[in-house]
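Chain and residue survey
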Amino acid sequence: DKGPGQEVCDLLVVFENHVIVFSDKNCAYVNTGNLQKDWNRWYRKAIDASVKQIFGAERWIRNYPNRLFLDQACKVPCPIPLPAEPIFHRIIVTHGIAEPCRKFFNGGTGSLLFDSECISSEIPFTVGQVGAPRGVVHVLDDSSLNIVLQTLDTAPDFIEYLVRKERFLTSGLSIASAGEEEFLGHYLEFQDDTGEHDFLINVDLGGADRVVFDEGFWHGFSQHKSRRIQIEANRISYFWDSLIEKITRHIVEGTEYASSGADLVTQERLLRLLAKENRTKRRFLSDLFLQFVKKVPKGFRSTRRVLPAIPGDPFYVFFVLPYREGSDYDKYRFIRREFLASYCAIIKLDYPQAYDIIGIATESGLADGRSEDLVYIDTRNWTAKNRKRAQEDKEFLVAKGFLARQHRFSSTLYEYPETPARLKLQLPDYSKGRERNARCFCGSGRKAKKCH
């Protein structure tokens, strides 16, 4: 609400403590024949102006978090509360540069080069630490934007990449890359001691202070057999995405079958927990839920509990209840939600460490036009009254035979289904010549063609 209402940024993403600020500009690259002059002009309009906007947006959000609105008239407040201690990530999206970049380099993806030693616009089609010393600013163009967001297509996967990359860029090393996609390919290949993706973990640099990611990392990763199998295995995971979209649409449009009366901010907590699952976990949960629904015959009811592998993650309850044609549908949905809420509360009795419990219910059998009910319980303020009610529900369900003995099983899920061990990639076939015979950058002393 500064003046008549000024645009803060082009896109604002709030996820837990992370705030991602996007500045998006479409600036034409004018080729007059003077390479340095043309690049300088484009850089000022696309990069320098975006850097100014993005740090201005961060400053405003930090200082005036309650003065953000969705409309220029400043009548509709931002409905999502901002975190008290935000972790900012800054992203510049530049359109209109990919094709000139391809022409300059006689091919390639069209992604701008990165060199931390590059100052301002001194090297054509190359960007450096454009936000230094104030902070890291990621620069994505048309090509790299699509590659990154189509590969890291969940909030936790994307944010984790930004966190690790920012830590790497501020490590004190001199870093160069043939493009954002080469950063991404390297990140997805390497893993730290805990099995999480990272940059140059457990690699001895042999005292080197400069790291270069040449062409080949992204091509090697994207064409690897294990990656193609992973993409196919992940297809089922988009059921989870569609569930989030469906719930969000009904909440925002006010078309829920039975509203809990909670406002968007309260219901957003449930959506955030569902969205917190990364792509691999979504594959696991989607497959588990859909196989469970498929397994239970029409006319039968059943429940399944999903316990978290990591302390602090949500507990899930899946529940199917048959609907008999001709019966009162409103009463059926009411009963289904009541059962689901009781099953979720009982989880807290059996597992005191459960703080976030999510229940998902649907019809049994492979019915068309399936509906879903969702229940979320936050037990951080669990009272004696809540516990008593849950205990009464449990005793009732046991007496009626609705809470049978649980059969427990566990399984291991791999990010790359075919290759549980660390993914080992090779340089692409087109990488010939002296580069393949050079010593590998990792410091092993071996030739690049026999190492990384």
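It should be emphasised that the depicted structure is a prediction, and the values quoted were computed from it without experimental measurement. (Residues numbered from 1 in each chain as written. Predicted model: local features only at pLDDT ≥ 70, side-chain atom pairs only at ≥ 80, totals over all residues. Heavy atoms only, no water.)

Approximately 930 Å³ is the volume attributed to the second largest pocket. In terms of lining residues, the second largest pocket is bounded by 28 residues, among which Val 13, Val 14, Phe 15, Ala 155 and Ala 275 are the most central. Sorting the residues of the lining of the second largest pocket by element identifies strand S1 (11-15), strand S2 (18-26), helix H4 (155-169), helix H8 (238-253) and helix H9 (264-275) as the ones contributing at least two each. Along the lines of polarity and charge, the residues of the lining of the second largest pocket split into 20 nonpolar, two polar and six charged. (1 Å grid on protein atoms, 1.4 Å probe; cavity = no way out; pocket = protein on both sides within 12 Å on 5 of 7 lines; lining within 4 Å. Points joined across faces, edges and corners; volume = space filled by probe spheres on them. Helix = DSSP H or I, 4+ residues; strand = E, 2+ residues; numbered from the N terminus. Nonpolar A, V, L, I, M, F, W, Y, C, P; charged D, E, K, R; others polar.)

Turning our attention to the sheet that holds strand S11 (residues 356-362). Ordered in space as S9-S10-S11-S12, the four strands form an open sheet in which the pairing is mixed. In this open sheet, the two edge strands, each paired with only one partner strand, are strand S9 (302-306) and strand S12 (373-378). Strand after strand, the sheet turns through a mean of 15° between neighbouring axes, direction not considered. As paired strands, S11 and S12 are joined by six bridges and run antiparallel to one another. By the bridge assignment for S12, Ile 358 is matched with Tyr 376. (Pairing = 2+ DSSP bridges. Axes fitted to C-alpha atoms, helices over the stretch in contact; angles between N-to-C directions.)

Looking now at empty space enclosed by the protein. A full pass over the atoms with the stated rule returns four cavities of 30 Å³ or more. The volume enclosed by the largest cavity comes to roughly 120 Å³. Along its surface, the largest cavity is lined by 18 residues, and Phe 114, Val 127, Val 139, Lys 165 and Glu 180 are the ones closest to its centre. Mapped onto the lining of the largest cavity, the elements with two or more residues apiece are strand S4 (113-115), strand S6 (137-141), H4 and helix H5 (180-189). Take the lining of the largest cavity: its biggest share by element is four residues, from S6. Broken down by class, the residue content of the lining of the largest cavity amounts to nine nonpolar, six polar and three charged.

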